[in-house]
Amino acid sequence: MMRSVLWTFVVILAFGLVIGCSSEEPKEDTAGAVDRTGTTGSGAGVEAIQESLNEVVARWHSGDKAVLYDNEFPYLRDDLTFEDYLENEQVQRLEADSLAAMKVKDVQFFGEDSAAVDIDVIFVGPLGDTSRLDNKYTMYYYGGRWLRPTLSEFVKQEEREVDRRIADSAAAAESDDEEW
């Protein structure tokens, strides 16, 4: 009798574990957005990343390197004029004459501000021949959109923001002192 009760308990426990661990659906947060932390991407975040890459391809392919400058963090745009940016050797080497598309294959989100993005880069040569290159980019959600910077770095942007907050706090404290 004791054995059958113990056996029943083990079966129920195992069944509960199987049911509890079987869901691979992303969790919804209270705002209705998918919880993307550390998950393979799908949904609105992936669509926004694809739209950003589509804009880069369309503008860059037509010769508009300003799209690269627009994808840099603000600290770099504060430090370099667009003309100086174009003089950078790395930027000068970048060409998009045969770039046809960048298709998002997979996204690994890290919180709400960055993602590792697997990309299928598609090139079409002058004779119509197509080639593909698998690439992986790190993209950052900043200023309400997804960026893929060429020269700037997220860490340096964070440092600039910390410096700005310290300066703002000092200015506010000085302003408070002047009011006394």
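Higher on the page you've got the structure.
Residues numbered from 1 in each chain as written. Predicted model: local features only at pLDDT ≥ 70, side-chain atom pairs only at ≥ 80, totals over all residues. Heavy atoms only, no water.

**Some details on the nonpolar core**
The condition that has to hold: Side-chain atoms within 4.5 Å are what join buried Ala, Val, Leu, Ile, Met, Phe, Trp, Tyr and Cys residues into a set we call a nonpolar core. Accessible area is worked out with a 1.4 Å probe on protein chains only. A residue is then buried under 20% of its type maximum, exposed over 50%, and partly exposed in between. Put simply, DSSP H or I for four residues or longer makes a helix, DSSP E for two residues or longer makes a strand, and each gets a number counted from the N terminus.
Membership of the largest hydrophobic core comes to 31 residues, with the highest contact counts inside it found for Ile-49, Met-102, Val-104, Val-107, Val-117 and Ile-119. Where this core is concerned, the elements lending two or more residues are α2 (44–61), α3 (66–70), α4 (74–79), β1 (99–110), β2 (114–124), β3 (130–142) and β4 (145–147). At six residues, the largest contribution of residues to this core is made by α2.

**Some points on a negative patch on the surface**
Formally: Patch members must show over 30% relative accessible area and no salt bridge, and they are joined within 9 Å when carrying like charges or within 5 Å when they are nonpolar side chains of Val, Leu, Ile, Met, Phe, Trp or Tyr. To measure how exposed things are, a 1.4 Å probe is used in the Shrake-Rupley method; for residues, cover is taken only from the protein chains shown. Just to be clear on terms, a salt bridge is a Lys or Arg side-chain nitrogen sitting within 4 Å of an Asp or Glu carboxyl oxygen. Here the positive residues are Lys and Arg and the negative ones are Asp and Glu; neither His nor the chain ends is included. One atom stands in for each charge, and that atom is NZ of Lys, CZ of Arg, CG of Asp or CD of Glu.
Residues Asp-113, Glu-158, Glu-159 and Asp-163 make up a contiguous surface patch of negative charge. Residue placement: Glu-158 occurs in helix α7 (residues 154–179).

**Quick notes on the packing of aromatic side chains**
What counts is decided by this rule: For this analysis, a ring pair means two rings from Phe, Tyr or Trp (six-membered ring only for Trp) whose centres lie within 6.5 Å, classed as stacked if their planes differ by under 30 degrees, edge-to-face if by over 60, and tilted for the remaining angles.
Within this structure, the stated rule accounts for eight aromatic pairs. Arranged with centres 5.4 Å apart and planes meeting at 65 degrees, the rings of Tyr-69 and Phe-82 form a pair that is edge-to-face. Placement of the pair is Tyr-69 in helix α3 and Phe-82 in helix α5 (residues 82–87), with a sequence separation of 13 residues. Plain terms: the ring middles of Phe-73 and Tyr-142 are 5.5 Å apart, the flat faces sit at 85 degrees to each other, and that makes the pair edge-to-face. Taken together, the residues span a long stretch of sequence, with Phe-73 in the loop between α3 and α4 and Tyr-142 in strand β3 at a distance of 69 residues. Looking at Tyr-142, the relative accessible area reads 24%, which means it is partly exposed. A connected cluster of aromatic rings, assembled from ring pairs, spans Phe-73, Tyr-140, Tyr-142 and Phe-154.

**Things to note about the sheet that holds β3**
The test is simple: We call two strands paired when DSSP finds no fewer than two bridges between them. For helices, the fitted line uses only the C-alpha atoms of the stretch in contact; every axis is such a line through C-alpha atoms, and the angle between N-to-C directions lies from 0 to 180 degrees. Note on definitions: a residue-residue contact is assigned when non-hydrogen atoms from the two residues lie within 4.5 Å.
Spatially, the four strands line up as an open sheet ordered β1-β2-β3-β4, and their pairing is antiparallel. Only two strands of the sheet have a single neighbouring strand rather than two, namely β1 and β4. Between one strand axis and the next, the sheet turns by 35 degrees as a mean value, whatever way the strands run. Where β1 lies against β2, 10 bridges are found, and the strand directions are antiparallel. For Phe-110, the partnering residue across the bridge sits in β2 and is Ser-114. Of the strands in this sheet, β1, β2, β3 and β4 touch α2, which is tilted by about 150 degrees from β1.

**Let's talk about the pattern of salt bridges**
Tallied over the full model, the rule gives nine salt bridges. The salt bridge partner of Arg-59 is Glu-55, with a shortest N-O separation of 3.0 Å. One end of the pair is Arg-59 and the other is Glu-55, both in helix α2 and four residues apart, which spans about a single turn. Taking the shortest distance from any N to any O, the salt bridge between Arg-59 and Asp-64 comes out at 2.9 Å. Taken together, the salt bridges that share partners define one network made up of Glu-55, Arg-59, Asp-64 and Asp-70.

**Examining the pairing of β2**
Burial of β2 is extensive: eight of the 11 residues sit out of reach of the surface. What sits between β1 and β2 in their antiparallel hairpin is a turn of three residues, with Gly-111 showing a positive phi close to 70 degrees. The sheet contact formed by β2 and β3 spans 11 bridges and is antiparallel. Bridge pairing links Ile-122 to Arg-132 in β3. Counted between consecutive antiparallel strands, the loop separating β2 from β3 contains five residues, among which Gly-128 sits at a positive phi close to 85 degrees.

Purely spatial values, then, with no claim about function.
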